[in-house]
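Structural characterization, general
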Amino acid sequence: MFLGIGRGVISLLLVTGGVTQALAFDVAVNAPDAVADQLRGASLTAGLLNTNDDQTDPPQSIDILGAAQADYSTLIGVLYNQGYFASEINILVDGREAASIPPIDAPAVISNVVINVKPGTVFTFGTVSITPKAPDVEPTDGLNAGQVASVTALRAGTSAQIEGWRHVGHAKASVASQQITANNPEKTLSASVTIDPGPKLQFGKITIEGGSTVREKRIREIMGWPEGDVFDPDVITKVETRLRRTGTFAAASLSEAETANPDGTLDAIATITDQLPRRYSFGAEFSTLDGLSLSALWLHRNIFGGAERLQIDGEIEGLSGGDTDGVDFRLTGILSRPATFRTDLEAFLLGEIEQRDDPNLFSRTIRLELGANYFASEDREYHYGIGLRRSTTRDDLGDRDYTILTFPVTATFDRRDNKLDATAGYYAQASVTPFVNLSGTDNGVVTKLDLRTYRQLGSRVTLALRGQLGSVAGPSLTNAPADLLFFSGGSGSVRGQEYQTLGVEFSPGVTIGGRSFVGLQSEVRVKTSNKNLSIVGFYDVGYIGPEAFYDGSGEWHTGYGAGVRYNTPIGPIRFDAALPGSGPDTSSGLEIYIGIGQAF
């Protein structure tokens, strides 16, 4: 094993009694560089001096002494995690061993701190036994004979067994005994840990604390507390998620009772605090696509005392400039109620008025919908509804009106590791909306599919792929609801092509939406040496066809480009520049896209 000398020096000015003195901090480590770096990074003394390196608030000598004395256990912990169990640590404060200096007799001035560490030889595991083993718990990596004897790995293996027992009902599983033996001549560490699973328990009663203004009966309905069921920590997490998902509560946490009841049940306490009941927001922005946009929102989180949410929001775009040809606006009101009929079912009533003025379509729509969102799990959600839709549209075929009843059904699977900046996992959303004609069109069905997948290559490169399909079946192309037909172009389909410009050329100079859509977006995202900055290359493809399903009779177009991403606490800021590739119209020139989060 290669051994090197790792050294680090930090200097600052220490002012005591009007006297300015130089304080030197020195760490000498006879160990591989990685271990030396970890020791310096973990040192409380180093942290204290680093924090005050600007010299504006130098640490007092009693603080320095306290940090130095605490560093014995701190550094031992680092060494144990790396398999060093025969180490020597000396911490000298002005030449005296820190451990020998009484805190009440701390020097008035400290000018020098030196930490000498001799880690010694790395120990490896001999025999490791953690019993009894919980059902269906996989062995923990790093605990085999001959592997580096890491305390972290031993703790992880013990925690895994305790959690395994908790997941099968043994809520109070704990370590009953442990014996850890270091064999210095052989440089091995053997461990024997005995787990006491304790009795198998059931959920008992739950007490609600915190003074929420939501009625207690409704809180219990939202929680869906499974009194009498076998204990499972995942259920506690699910109950907390249900409370937070309402948006009504600022904090919602559950804690288990310290001891079980004589009847084999375990009680719990739910501590709940409310959000402020009302929220207002106003916004204004300008983009080359939408021009000047204004938005506003009003929200009441508990309007009837049962965690019902009423949200009214509106937006108007294209007030000045932009490329969407006209003014778009939307006004939406939605009333939602969690835990309606069943715990994970949120009912809602929605009303909306919307106007779109796109390059090839003008529409004005009134929509009412009654429905529900079912949260099957953290990554699965289903939407059901029945709605009434009334629209007035104008395209190259003229003005048309229609009224339909809609029956939307949507399933969403979101298994991305990060919704705003995914590097692994996938996202899938499928929606089917049958509609029944009341006037102006024929019966039909709208189908949409959105699939996204991500794969990381090494630590710096991520491949991202998105595929989209769309179909309007039933009415003919000329009789279908014009605002339910598909166009392609823009950030959501093909970057580099002008927004919503690819449709079906019904006749020379007459372009309308298509009944089928195929889209493919691909990106290569590469992190730079600056951890907050990434560069991206992309290529997009889109197809619009006159038939309900792809048959090759439509038109394709493509776009390509590059961009940068800058990471922020709310997600990466996206800047993309794109050019049109192939297609009926490649004259749009450079298109710029700016937003928060990845493109998909």
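Reading guide: rules and limits
Residues numbered from 1 in each chain as written. Predicted model: local features only at pLDDT ≥ 70, side-chain atom pairs only at ≥ 80, totals over all residues. Heavy atoms only, no water. Pairing = 2+ DSSP bridges. Helix = DSSP H or I, 4+ residues; strand = E, 2+ residues; numbered from the N terminus. Axes fitted to C-alpha atoms, helices over the stretch in contact; angles between N-to-C directions. Contact = heavy atoms within 4.5 Å. 1 Å grid on protein atoms, 1.4 Å probe; cavity = no way out; pocket = protein on both sides within 12 Å on 5 of 7 lines; lining within 4 Å. Points joined across faces, edges and corners; volume = space filled by probe spheres on them. Nonpolar A, V, L, I, M, F, W, Y, C, P; charged D, E, K, R; others polar. Parallel < 35°, antiparallel > 145°, perpendicular 65-115°, else oblique.

With that out of the way, let us pick up the sheet that holds strand 9 (residues 202-209). Pairing is mixed across the open sheet formed by 3 strands, whose spatial order is 9-11-10. Across the chains shown, the open sheet's two edge strands, defined by having one partner strand only, are strand 9 and strand 10 (249-256). Sheet twist, expressed as the average angle between the axes of neighbouring strands with direction ignored, equals 20°. With 6 bridges joining them, strand 9 and strand 11 (residues 265-274) adopt parallel strand pairing. Bridge pairing in strand 11 links E209 to T271. Sitting on the sheet, helix 5 (residues 216-223) touches strand 9, strand 10 and strand 11, and the angle it makes with strand 9 is about 140°. On the sheet, helix 6 (residues 233-245) packs against strand 9, strand 10 and strand 11 and is oriented at approximately 165° with respect to strand 10.

By volume, the second largest pocket is sized at about 360 Å³. Along the wall of the second largest pocket there are 14 residues; nearest its centre are R245, S377, E378, D379 and R380. The residue makeup of the lining of the second largest pocket, split by class, is 2 nonpolar, 3 polar and 9 charged.

Overall, mixed pairing links the 3 strands, which are arranged 6-8-7 in an open sheet. The strands lining the two open edges of the sheet, one partner per strand, are strand 6 (124-131) and strand 7 (174-183). Ignoring strand direction, the axes of neighbouring strands in this sheet form an average angle of 10°. Both strand 6 and strand 8 (residues 188-196) contribute to a ladder of 6 bridges, which runs parallel. Within strand 8, the residue paired with T131 across the bridge is T194.

Moving on: the packing of helix 5 against helix 6. Packing of helix 5 against helix 6 leaves a shortest axis separation of 8 Å and a crossing angle of 125°. On the basis of the axis angle, helix 5 is oblique to helix 6. Only V239, R242 and L243 of helix 6 make contact with helix 5, whose side of the interface consists of I219, I222 and M223. Its residues assigned to classes, the contact of helix 5 with helix 6 shows 5 nonpolar, no polar and 1 charged.

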